[in-house]
Amino acid sequence: RQEQEAEAERRKLEKKFEEKLADAWAMLSAEADERSQQAEGKQKRQERDGEMKQVEEEQPKRDEAEAESKEREKEFEMFTEAREKGTSEEEEQKQQTEAKRKGQEQNGEA
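This one's a predicted model, so the numbers in the text were calculated from it and none came from an experiment.

S.K.: Please clarify how the overall build of the chain should be interpreted in this entry.
M.R.: A tally of regular secondary structure across the chain gives one helix and zero strands. Since a compact globule built from 110 residues should have a radius of gyration of about 13 Å, the 46 Å found for the chain marks it as more spread out than a globular shape. Both charge centroids of the chain, one from 24 positive and one from 35 negative side chains, sit 6 Å from each other.

S.K.: What should I look at first to understand the pattern of salt bridges in this one?
M.R.: Side chains that differ in charge, positive against negative, can pair when their charged atoms come close. Taken as a whole and assessed by the stated rule, the structure comprises ten salt bridges. Across the pair glutamate 7 and arginine 11 runs a salt bridge whose closest N-O atoms are separated by 3.6 Å. Here glutamate 7 and its partner arginine 11 are both found in helix α1 (residues 2–109), four residues apart, which amounts to about one turn of the helix. Judged by its relative accessible area of 29%, glutamate 7 falls in the partly exposed class. Between glutamate 68 and arginine 72 there is a salt bridge; the shortest N-O distance is 3.7 Å. Of this pair, glutamate 68 and arginine 72 both sit in helix α1, four residues apart, which is roughly one turn of that helix. Given a relative accessible area of 54%, arginine 72 falls into the exposed group. Taken together, the shared-partner salt bridges in this structure form one network comprising Glu7, Arg10, Arg11 and Glu14.

S.K.: I'm lost on a negative patch on the surface in this one. Help?
M.R.: Taken together, the side chains of Glu73, Glu77, Glu81 and Glu84 define an acidic patch exposed on the protein surface. Locating glutamate 77 in the fold gives a position in helix α1.

S.K.: What exactly am I supposed to notice about the environment of glutamate 47 here?
M.R.: Considering the arrangement of structural elements, one finds glutamate 47 in helix α1. Residue class for glutamate 47 comes out partly exposed when judged on its relative accessible area of 44%. For glutamate 47 and glutamate 31, which are 16 residues apart along the polypeptide, the C-alpha to C-alpha distance reads 24 Å.

S.K.: Mind showing me how you'd approach the environment of glutamine 93 here?
M.R.: Along the polypeptide, glutamine 93 turns up in helix α1. Among the residues examined, glutamine 93 registers a relative accessible area of 53% and is labelled exposed. With 13 residues separating them in the primary sequence, glutamine 93 and glutamine 106 have C-alpha atoms 20 Å apart.

Parameters at a glance
Residues numbered from 1 in each chain as written. Predicted model: local features only at pLDDT ≥ 70, side-chain atom pairs only at ≥ 80, totals over all residues. Heavy atoms only, no water. Helix = DSSP H or I, 4+ residues; strand = E, 2+ residues; numbered from the N terminus. Rg over C-alpha atoms; globule rule 2.2 N^0.38 Å. Lys, Arg positive; Asp, Glu negative; His and termini not counted. Charge placed at Lys NZ, Arg CZ, Asp CG, Glu CD. Salt bridge = Lys/Arg side-chain N within 4 Å of Asp/Glu carboxyl O. Buried < 20%, exposed > 50% of the residue type's maximum accessible area, 1.4 Å probe, protein only. Patch = residues over 30% accessible without salt bridge, like charges linked within 9 Å, V, L, I, M, F, W, Y side chains within 5 Å. Areas by Shrake-Rupley, 256 points an atom, 1.4 Å probe, with all protein chains shown as cover.

By themselves, these are just geometric observations and shouldn't be taken as functional.
Quick look at the structure:
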């Protein structure tokens, strides 16, 4: 009978040990998950900071490219205006030449 009581006590202690072991494992696992999430968050912050730094470093290049683009656009507008003006001046000269020719024809006929 003592043997059975000892065996029952042993099983009881084993069960308590397994429960405590499971609790400890769950706690360690939760801590590990938390540390992992913190490390992941830190990594994301570092990546974001790196991206921000890269954006800041590239900003002067973008500003320069934008200024060049605006300058080219302005030059194109000036060229277009000059071409249009030149075309209208050519038309005006043609009309004047035509009027002179017609005037001379009329003078020649009269």
